[in-house]
Amino acid sequence: MTYAKKVFFLFLYSLIVVPFLGEAQQMSAQRQKTGFNAGWSFSKDEKQWAPVVVPHTWNIADVMDDEPGYYRGYGWYRKTFIAGAELKNSKISLSFDGVNQEAEIFVNGIRAGSHVGGYTGFDIPITDLLKFGGHFKNEIIVRVTSRFNADIAPLTADFTFYGGIYRNINLLVTAPVHFYGEDYGAGGVYISTPRVSAARAEIRLKGVLENSSAGTRKLGLKTVIYDPEGQVVSSLISSVNLKAAEKKTILQNLPELLKPKLWSPSNPELYRVVTQILDSRTNAVLDEAVNPLGLRWFRFDADKGFFLNGKALKLIGASRHQDYEGLGNAVPEALQIRDVELLKEMGGNFLRVAHYPQDPVILQTCDRLGILASVEIPVVNSITETAEFTKNCENMQIEMIRQNFNHPSVIIWAYMNEILLKPQFNDDKARQNIYFDHVRALAKSLDNLTRAEDPSRYTMLACHGDFNRYNQVGLTKIPMILGWNLYQGWYGGDLSGFADFLDKHHRELPGMPLLVTEYGADADPRIRSFSPVRFDKSVEYALKFHQVYLNAILERPFVSAAMAWNLADFNSETRDETMPHINNKGLLTFDRKPKDTYYLYWAYLSDKPFLKIAADWKVRSGVADSGHVFSVQTIQVATNLDSAELFSNGKSLGVKTAKDHLCEWQVPFTDGANQLLAVNPSNPVLADRIDIRFSLIPYVFDSGQAFRPLRILLGASRYFIDDENSLWMPDQPYRKGAWGFIGGQSYQTGNGRTAYGTDKNIRNTVNDPIYQTQRVDLKQYKLDVADGIYEVTLYFAELLGGAKKEALAYNLDNRQVKEQKEERVFNLKINEAMYPETINLVADNGYATAVQKKIQVMVTNGKGIVIDLLPLQGKPVLNALKVIQTSF
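In this report, we go over the structure that sits alongside the text.

The number of helices and strands found in the protein is 12 helices and 55 strands. Against the compact-globule benchmark of 29 Å for 888 residues, the protein has a radius of gyration of 31 Å, which places it among compact chains. Its C-alpha atoms give the protein principal-axis dimensions of roughly 105 × 65 × 60 Å. Relative to its full complement of 888 residues, the protein shows a buried share of 59%. Intrachain contacts of the protein at a sequence separation of at least 6 include 71% that bridge at least 24 residues. For the protein, the exposed area adds up to about 35100 Å²; of that, 51% sits on carbon and sulfur atoms. Averaging the positions of the 97 positive and the 98 negative side-chain charges in the protein gives two centres separated by 3 Å.

This is how it looks when you write it as structure tokens:
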């Protein structure tokens, strides 16, 4: 479904369905939480208004365009509704699940309240500002700003700060006596399990009650626990007297449960806790809260790892960002639920909710599916040394904990991520030490606060791979467990450095449990390679990367947990990359299609027999082997079995033993359709099949053969699938009777990360990899094609120079290499005919801008196509070329 169709569908839904779920519904004396997403208008200037669907963000388009930056400013939302006279004696609030990042709410022109922070929910009481009765329309205005505010985290990060009311809004109506909902946006009921074992479980409940009526009330607080089959297994009633306008906290120790059904990833047994406020005189239910209860106990051990319910359990899963292609962060619940389901299906048992609390449905789904989780606030990269920043961070931490307190899936509260990645005052070491003191003080404050709020769970901060700096600053000694975001073999170093780092931690921090909170390599699903190297963005390099990391993690019991970065690709507007503005480290694409890396995890983690051809690359091309009518290319099968057998067009290519959960064959592809079938030799029913369309390029051109279109990437060792599903091949040196380059070198940035090409954003194209590599100082390009008429398209982009960008912090070895601009002017000669234009890429088009030159060439007398690049100033370049025969 296209984005336009998605928006149209959601808009129709809001117009037709939501009103019947919302304002028109009759309210009873009990709590009613009614959808309030319909009927909103939006404006950036309070003059021009347009209807919108809530959840809504104003940053869907501008975070994906070629212009650096995106709108971080103000937006206004407006809505009218009727409050029936029957609600006059009720307590009414607006409940927001998330607004980024500052919100002010006005009711009938009067300010009702505000909230700071973009990732936690909040309630705004509005009873006293409403007009009741069918003749009155109440106007709600929400003023939102996503502006940079130095006192609000996050300050910077490798993700996009979408603005808007991007999560659900509900109208909350309760009786005057109710559970207190303004306790940092929480529900007023908190359930803990002080002791759990296989034999018994203790359950404790804290309820915060409020009486907003004018008189004293005699009440009962009744709690009933239902087991997973719906049977009552425990209950308790407590008497409560509440004075007018009084809030009171009531504690209940419920009768213990014998032989409880334990919650775990393999058996996520969920009890249900129903807590009611009763009128002692009439026994009427005044308010009711329903919460999940999962009975489990757990611990982290610095040498032996993680234990759940007394048994060792290696935690492996992924981190998750909340945005989605075409929707930004305004994502329907069904799609968010599907994310957690996809994690479960691949065998994952852990979700790092990163780098901020997410929609309530995420942890609800983790509870239901048996996914353990950590949750964190967005204190990322750096801090501001002000009391207001500290206050806001502490407020976010309390909101996060209290709003998610009752989720059995949550075992970790975290509060900082890579906080020393962008240290301030690098030119003033004395001042920098003061800054580090403030970072350490904030970490201690947040850690102490967290332990006081919830002694039953672990505290954590996540560090980037600068072991010595975090140790020297003292951050490694503050949390209960320590996370490391490690990218050896990607941003810096080599793959072997990963295992070395794990062992270093275990040796030098012997009492501190270790989690690998991030690791990954970009896998642009459009880029493939048979000679993968670091930073080529190929799926093949990512497969190798994850094999190395998973092996090291599984071999070391002291590694408690590992979270791949990331579950799915996500938007990071400041990134360039082969897919600009997208972090491609996801196991799933931005629209949640599995990559081959996802199937690798399935093979490593699943306890059910699994076999999958890891070749989401179904349109291929290649040069025929010398003297043959086929081209041999590698095919891999991901499996958790010992071996697999592969058939190509019905012919067995043999049984291969799995190595690190991949079996590999060299497959002779013929021109046209090729069917591959992978089976388990001992159980042929377990099988996977794919069809591959292969375009065979002759080893030498033959006038008797039909010419296959050629799409060539110069200076590259990778393949690329463009937006028309056409495959571009890597270049080759000229060979007589065939095609290739003469002279020149592959372009290199000189920053030490990329073996070839650049990762700059190329303007005016969605096919950036066509232009991100090039051959520099190219003398000639020859194609010994048969006689006929050909359309030759030459692709150019100037990769040197342009506006200087700040080195992005996540590129840990991204040194600021000063690019030597080169005046590049040259002519083209095709088959001895001069091209009419002189090529001056920068003067005519600017830097990093896609340029195409299309030429009709008639080939006669067996001379083929010869393209000469004639320098006038500097060195000529060519990034790619396409050749199509239009006539014989």
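Moving on, we come to the sheet that holds strand 3 (residues 50–52). Spatial ordering of the open sheet is given by 3-2-4-9-6-7, a layout of six strands whose pairing is antiparallel. Of all the strands in the sheet, just strand 3 and strand 7 (110–116) have a single pairing partner and so form its edges. With direction set aside, neighbouring strand axes in the sheet form an average angle of 25°. Bridge analysis of strand 6 (residues 102–107) against strand 7 gives six bridges, and the strand direction is antiparallel. Bridge pairing in strand 7 links E102 to V116.

For the coordinates displayed, the defined rule picks out 46 salt bridges. A salt bridge links D158 to R575, with the nearest nitrogen and oxygen atoms 2.9 Å apart. In this pair, D158 is assigned in the loop between strand 9 (138–145) and strand 10 (169–174) and R575 in the loop between strand 31 (570–571) and strand 32 (582–583), connecting sequence segments 417 residues apart. Judged by its relative accessible area of 19%, D158 falls in the buried class. Residue R575 is classed as buried on the basis of its relative accessible area of 1%. Where R338 meets E341, a salt bridge forms, and the shortest distance between an N and an O atom there is 3.4 Å.

Next up on the list: helix 5 (residues 387–403). End to end, helix 5 covers 24 Å across 17 residues, agreeing with the expected 24 Å (1.5 Å per residue, within 8%). The set of residues buried in helix 5 consists of F389, N392, C393, M396, Q397, I398, E399, M400 and I401. Here the buried face of helix 5 lies against strand 7, strand 24 (372–376), strand 25 (410–417) and helix 6 (429–453).

This next bit is on the packing of aromatic side chains. Two aromatic rings are characterised by how far apart their centres lie and by the angle between their planes. In this structure the tally under the stated criterion is 43 aromatic pairs. Judged by centre distance (4.9 Å) and plane angle (15°), the rings of F96 and F122 are stacked. Of the two residues, F96 sits in strand 5 (residues 91–96) while F122 sits in strand 8 (residues 122–125), which places them 26 residues apart along the sequence. The class of F96 is buried, set by a relative accessible area of 1%. Taken together, Y487, W490, Y491, F535 and Y541 form an aromatic cluster joined through their ring pairs. Its guanidinium or amino end placed over the ring of F307, R299 lies 4.2 Å from that ring's centre, counting from NZ or CZ.

Here the focus is the packing of helix 5 against helix 6. Packing of helix 5 against helix 6 leaves a shortest axis separation of 10 Å and a crossing angle of 25°. As judged from the angle between their axes, helix 5 and helix 6 are roughly parallel. Considering how the two elements wind past one another, helix 5 and helix 6 form a crossing that is right-handed. Contacts between helix 5 and helix 6 involve F389, T390, C393, E394, Q397, I398, I401 and R402 from the former and L442, S445, L446, L449, T450 and E453 from the latter. Tallied by class, the residues present in the contact of helix 5 with helix 6 amount to seven nonpolar, four polar and three charged.

Quick look at the environment of I692 now. For I692, the position within the fold is in strand 40 (residues 683–697). The spatial distance from the C-alpha of I692 to the C-alpha of W617 is 7.7 Å, given a sequence separation of 75 residues. Sequence-distant contacts of I692, defined by excluding residues within four places in its chain, comprise W617, K618, R620, I635, F669, G672, A673, N674 and L676.

Following the criterion strictly, the structure yields zero disulfides and no others. Residue C393 stays outside any disulfide, its sulfur separated by 16 Å from that of C463, the closest cysteine.

Before going further, it helps to examine the sheet that holds strand 33 (residues 611–613). Overall, antiparallel pairing links the three strands, which are arranged 33-35-38 in an open sheet. What marks the edges here is a single partner per strand, and that holds for strand 33 and strand 38 (662–669). Between one strand axis and the next, the sheet turns through 25° on average, direction left out of account. Bridging between strand 35 (residues 631–639) and strand 38 involves eight bridges; their strand directions are antiparallel. In the sheet register, V632 faces strand 38, and the bridge partner there is P668. Lying over the sheet, helix 10 (residues 596–605) contacts strand 33, strand 35 and strand 38, oriented at roughly 45° with respect to strand 35.

Within the secondary structure, I582 is located in strand 32. We classify I582 as buried; its relative accessible area is 1%. Between the C-alpha atoms of I582 and G109, which are 473 residues apart in sequence, the distance is 41 Å.

The end-to-end C-alpha separation of helix 8 (residues 496–508) is 19 Å, in line with the 18 Å expected for 13 residues at 1.5 Å each. Here the buried face of helix 8 lies against helix 7 (467–473), strand 27 (481–485), strand 28 (514–518), helix 9 (539–555) and strand 30 (559–564).

For the rest of this paragraph, the subject is the nonpolar core. In globular proteins that are soluble, nonpolar side chains generally tend to be buried together. In terms of nonpolar packing, the biggest core is built from 112 residues, with M416, I419, L475, W484, L502, Y519 and Y601 touching the most fellow members. Ranked by the residues each element gives to this core, the list is headed by helix 9, at nine residues. Setting aside residues no more than four positions away along its own chain, L502 makes contact with L486, L514, V516, A552, R556, F558 and V559.

Per the counting criterion, the structure on display carries six cavities of 30 Å³ or more. Counted as a void, the largest cavity has a volume near 90 Å³. Forming the walls of the largest cavity are R31, K91, S93, D123, L172, T174, H178, F179, G181 and E182. Of all the secondary structure elements, the ones that give two or more residues to the lining of the largest cavity are strand 5, strand 10 and strand 11 (177–179).

Turning next to the packing of helix 3 (residues 333–345) against helix 4 (residues 360–369). Interaxial distance between helix 3 and helix 4 falls to 9 Å at its minimum, and their mutual angle equals 40°. Relative to helix 4, helix 3 is oriented so that their crossing is right-handed. Contacts from E333, Q336, I337, V340, E341 and K344 of helix 3 reach helix 4 at V361, I362, T365, C366, R368 and L369. A per-class count over the contact of helix 3 with helix 4 returns six nonpolar, two polar and four charged.

A word on unusual backbone geometry. In this structure, Q101 follows N100 across a cis peptide bond, with omega equal to 0°. With respect to the helices and strands, Q101 occurs in the loop between strand 5 and strand 6. Look at the link from A354 to H355: it is a cis peptide, with omega at -10°. Among the secondary structure elements, H355 is positioned in the loop between strand 23 (350–353) and helix 4. One non-glycine residue with positive phi stands out, namely N309, at about 55°. In this fold, N309 is placed in the loop between strand 20 (305–308) and strand 21 (311–312).

Turning to the side chain of N170, a few remarks are in order. Counting through the fold element by element, N170 comes out in strand 10. If near-sequence neighbours (up to four positions away) are discounted, N170 is found in contact with K33, T34, G35, F36, S93, L94, S95 and D97.

Definitions and limits used
Residues numbered from 1 in each chain as written. Predicted model: local features only at pLDDT ≥ 70, side-chain atom pairs only at ≥ 80, totals over all residues. Heavy atoms only, no water. Helix = DSSP H or I, 4+ residues; strand = E, 2+ residues; numbered from the N terminus. Rg over C-alpha atoms; globule rule 2.2 N^0.38 Å. Buried < 20%, exposed > 50% of the residue type's maximum accessible area, 1.4 Å probe, protein only. Contact = heavy atoms within 4.5 Å. Areas by Shrake-Rupley, 256 points an atom, 1.4 Å probe, with all protein chains shown as cover. Lys, Arg positive; Asp, Glu negative; His and termini not counted. Charge placed at Lys NZ, Arg CZ, Asp CG, Glu CD. Pairing = 2+ DSSP bridges. Axes fitted to C-alpha atoms, helices over the stretch in contact; angles between N-to-C directions. Salt bridge = Lys/Arg side-chain N within 4 Å of Asp/Glu carboxyl O. Expected span 1.5 Å × (residues − 1). Phe/Tyr/Trp six-rings, centres within 6.5 Å; stacked < 30°, edge-to-face > 60°. Lys NZ or Arg CZ within 6 Å of the ring centre and 35° of its normal. Parallel < 35°, antiparallel > 145°, perpendicular 65-115°, else oblique. Left-handed = near helix turned anticlockwise from the far one by under 90°. Nonpolar A, V, L, I, M, F, W, Y, C, P; charged D, E, K, R; others polar. Disulfide = S-S within 2.5 Å. Core = buried A, V, L, I, M, F, W, Y, C linked by side-chain atoms within 4.5 Å. 1 Å grid on protein atoms, 1.4 Å probe; cavity = no way out; pocket = protein on both sides within 12 Å on 5 of 7 lines; lining within 4 Å. Points joined across faces, edges and corners; volume = space filled by probe spheres on them.

The values reported here are purely geometric and, on their own, carry no functional implication.
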